[in-house]
Amino acid sequence: MEDDKLEEEEGAIEYVSYGGEHHLPLIMNLVDQELSEPYSIFTYRYFVYLWPNLSFLAFHKGKCIGTVVCKMGEHRNTFRGYIAMLVVLKPYRGKGIATELVTRSIKVMMESGCEEVTLEAEVTNNGALALYGRLGFVRAKRLFRYYLNGVDAFRLKLLFPRPELSSGRFIIENEDMPQESERHQ
Amino acid sequence: MTQDDDGSKAPSPINQSIIPSGDQTVWTDVSSLLQSACTDLWDGELIHGENFNLFAAMSALEIMDPKMDSGIVCRYYSLDEAIENGAAPIPVSSDKTDDVQCIIDIMDHLLACEATWHKGHSLAQTVFSCIYLLRLERTSSHALLYSYCRVTRATCNAVVSAVSEARTHEEEDIFTMTYGLPLKGDGDEKCVSMLHAVDETISRQLRACKAPSSSKKRVLEDIEPLQTNPDLEEGYCTAVLCRLRFRKHFHHVITCMRRPQGRGFELARKHIATCLSELECILKSVVFIRSNCVCGSYEDEIDDRTTASGRQPIGFDPTLNSRLCAPTPPRAIKIVSWKKAIEYFQKLLHDLDIICSYPLDPLFEGVLNFVTEFQKFKPDLVARAHLQLLLVQDGKLYGRDPVFAVICKGAALPEVAKNHDIQNNEFILQLGQLVLTSLKILCTNSAWQRRKLGKIIQDWRILYLQLELAFRKDYGEVPSTSNDENISIKISKHILVWVEEQTYWIALRFLLLGFELELYSPNDYCMVYWYIYVVSIKLAEKTHLKLMSNNDNARRKGKKKKDNLKDAAKDYQFPPVVLLLQCQIYLAEGLTMMLAALRNQDKAIKVLGPFNTEQERFFQHFELLQKACIPDQMSYLSFSESTNHARFSTLHMFNYFKDALKIAKELKSSFSGNPDRLAELRRIEQVAEHNAIALNLICRLGTLDPSLKVYFEYSHHSHFATAVVKRS
């Protein structure tokens, strides 16, 4: 009984895809509040204008309480999705909202032909690391003092199943890899 | 640009004085143009061009946003304005006693700034937040302040040059960024003698204070006291002296360590010892300093401060230089506390001491062991840069041993080989470069190191294939062992084995670094240990092959004497290095099978995400090794084939952990002179012992008792897990 009541009080969470200019200040507010890195308005515009279908917002009683911002594109011969920002307000955490947001983005990436999805997370951000771990992300690299605040990051990667993997054969790639620009991929 | 005849009449007088109009250009008022442009594009709007990428978006800064705009004026427009406003007076205080205390505060804060810089912040926002340092010549009338600042500057300069030369600074390019800073000064090479003179004067004064009172008066007349209160003179002299001397000897340490081929190491060690004892004195001086400062703070509060006294130092402003930083948003800088700064320098000196006491092992294997042992102490950038400068100088090991000679020695070839023509072979030259590059990579921080090793492993593999091809072309099919094989064939055979050994060594290091960097999650442990197991087997195989071929001659003679092959085989002992690897192989295999049985029998939670399977996880973890075919023929299929059938009912028949334990115990006598190896053996013993018990318990009770929970800890070894069995 008690639980039902609470549920009712809380109300349902509504998820919407990025719908235009009116959503931009909502996203910016959330991210500015919760993430350590400072982003200019151009960074937000870069993402939501080019990939509006990969950005989602979560509302509770009309208030925006969570958002995910992503991109996708060619990266060294792979078509790769990238999760740039994921935020859920503190009182709303632990209810699976972030998982739902990010799952929606990943599904669109998968349907759009992405081979993998990557992102960076602070090594101290246990909540995010656990969330992505459950979704099948692997810690591919550690990036030394990646953030402006001096904290290391993990590069997380989710590889989608693909046919050529099952053959178990690989060819040595003789490639002179260019220096990665890890911070701005 | 539109030419406006009227406009040219009334240009702003300021503009005209700065940049005059030229033949093609003229000053014009564009206010109205801007005004109309402003109505076209609103604040925050963006014209999206083809080339506008994420980098461009991220590089855009919002002016007047303190989080992003590093040019925002905080207190002063310029250094001159700060000085005019009295931000860095000389003397710091008109009261001589207070002046000395203020100088000590400046010294302490500078040390904290220096440690913060070494820890990865910009020089501009740390050490060069000191206004005195930014205008050093201003302080020349104040010998104490002048000499201290000058030696600090000279040391920073020496450290910058060491780190930039080593190019070990990885992503920390911020470290060597000195643009616009007065880092180099004429005559800075004399900074030590200047400091020495000040040291002499204060030492004399200190001796005078300590002298019996009868002679005191006479001596005091000769020298000017440091400050005006005779009761405090001794304390202040002592506090200042240890700070000066630390600087002097630290400067010596850095210069001695730069001498080629480690020739300055013995002397450097003496200076390191002095530095450490002066740091002790500095720590002790806190009692005197705090008893004379009215700070009004609690002890624990003072511990977070950047000075011994707990006071704010005079003459620092980190915002003055923020415009000199790279075109990135200003980094939030918290200067480390004075206590932490001293701890940092103690650690740095200990790390440098390890480098200075290294006997420059001519054997490549010894170099690798030294570097990995050294890295276990998690040395910071400055220490790692010095290690790298020692290892690779002028394209030679230690600036002394030509790479080909090092390879020959490593590959257990006779002395004559190192002069062989083969060293001019194109691929052998490439191999030499690869060896040096790999050594440099091993000196970098673990995160960077793992990424670079993952890439260079491809180069090792490719070079192996190229060498094999080249040798076959030059010397034909390598015949099976013959007594009178020619030296060229011998060299090529040995080198090929050696290259493979190094390749597997790097692969293993790549895998093990994943533990240190926390890249593996418990659901991946099984495949990680399996990979460690297959790579270790290859490594042991190659190492054994190398050592065996070395002993060929010796053993042949032995066989002739005994004339009994069977006996020889029975007597044959595996070399200790190979047996140590065998221990690790058993541990890795044991852990793989235990984890696989847990997985197969539902004792461990299988984490399956909604988007992919274990196979994708496998490929992601080992992609770089798989691409380089390390080891050959090993794939996800091999992993699942060897682990899918693991069951507790059959596991108890194998004695992985017991076998590891047995070998580890026997091996101790072989490594009696090697404390690092002995420590490793002890750790292996502990893991093996605990896991043997745990495995036994699970095998007996596991399937019957559903409340039994198994998890893994790294309590005994940094990368071999210990199983813990508990009833939930």
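Please read all numbers here as calculations on a predicted model, not as lab measurements. (Residues numbered from 1 in each chain as written. Chains lettered and ligands numbered in written order. Predicted model: local features only at pLDDT ≥ 70, side-chain atom pairs only at ≥ 80, totals over all residues. Heavy atoms only, no water.)

Student: Any details on the overall build of chain A? Residues and values, ideally.
Tutor: On a plain count of helices and strands, chain A comes out with 5 helices and 7 strands. Written out in order from the N terminus, the α and β elements of chain A read α-β-α-α-β-β-β-α-β-α-β-β. Here chain A holds 185 residues, and 52% of them are scored as buried. When the accessible surface of chain A is split by element, carbon and sulfur atoms take 51% of a total near 9,000 Å². (Helix = DSSP H or I, 4+ residues; strand = E, 2+ residues; numbered from the N terminus. Buried < 20%, exposed > 50% of the residue type's maximum accessible area, 1.4 Å probe, protein only. Areas by Shrake-Rupley, 256 points an atom, 1.4 Å probe, with all protein chains shown as cover.)

Student: Tell me about the packing of aromatic side chains, residues and numbers included.
Tutor: Residue and element names in this part refer to chain B. Scanning the model with the defined rule gives 30 aromatic pairs over all chains in all. Ring centres 5.6 Å apart and planes at 10° place the aromatic pair F246 and F250 in the stacked group. Taken together, the positions of F246 and F250, both in helix α10 (residues 230–257) and 4 residues apart, correspond to about one turn of that helix. Assessed through its relative accessible area of 1%, F246 is described here as buried. Assessed through its relative accessible area of 0%, F250 is described here as buried. (Phe/Tyr/Trp six-rings, centres within 6.5 Å; stacked < 30°, edge-to-face > 60°.)

Student: I'd love a proper account of the sheet that holds strand β3 (residues 63–75) of chain A, names of residues and values included.
Tutor: Read across the sheet, 7 strands follow the order β1-β2-β3-β4-β5-β7-β6 (chain A) without closing on themselves; strand pairing throughout is mixed. Only two strands of the sheet have a single neighbouring strand rather than two, namely β1 (13–17) and β6 (138–143) of chain A. Across the sheet, the axes of successive neighbouring strands diverge by a mean angle of 25°, strand direction being ignored. Pairing of strand β4 (residues 78–88) of chain A with strand β5 (residues 116–122) of chain A involves 3 bridges; the strand directions are parallel. Its bridge partner lying in β5(A), Y82(A) is registered against T118(A). Helix-sheet contacts for helix α23 (residues 614–627) of chain B involve β6 and β7 (153–159) of chain A, and the interaxial angle to β7(A) is about 135°. (Pairing = 2+ DSSP bridges. Axes fitted to C-alpha atoms, helices over the stretch in contact; angles between N-to-C directions. Contact = heavy atoms within 4.5 Å.)

Student: Talk me through the UniProt feature "domain: N-acetyltransferase" (unreviewed entry) in chain A; I want residue IDs and the actual numbers.
Tutor: Residues given the UniProt feature "domain: N-acetyltransferase" (unreviewed entry) here are residues 13–161 of chain A. Secondary structure across residues 13–161 of chain A divides into 30% helix and 36% strand, with the first and last C-alpha atoms of the span separated by 31 Å. (UniProt positions renumbered as here; feature names shortened; annotations may be inferred.)

Student: Give me the lowdown on the side chain of T103(A), citing residues and values where you can.
Tutor: Structurally, T103(A) can be placed in helix α4 (residues 97–111). Residue classification places T103(A) among the buried residues on the basis of a relative accessible area of 13%. Reaching out from T103(A), the side chain makes a polar contact with the backbone oxygen of T99(A) at a distance of 2.5 Å. Non-local contacts of T103(A), meaning those with residues more than four positions away in its chain, are made with L135(A) and F611(B). (Polar contact = N/O pair within 3.5 Å; in protein donor to acceptor, adjacent residues only side chain to side chain.)

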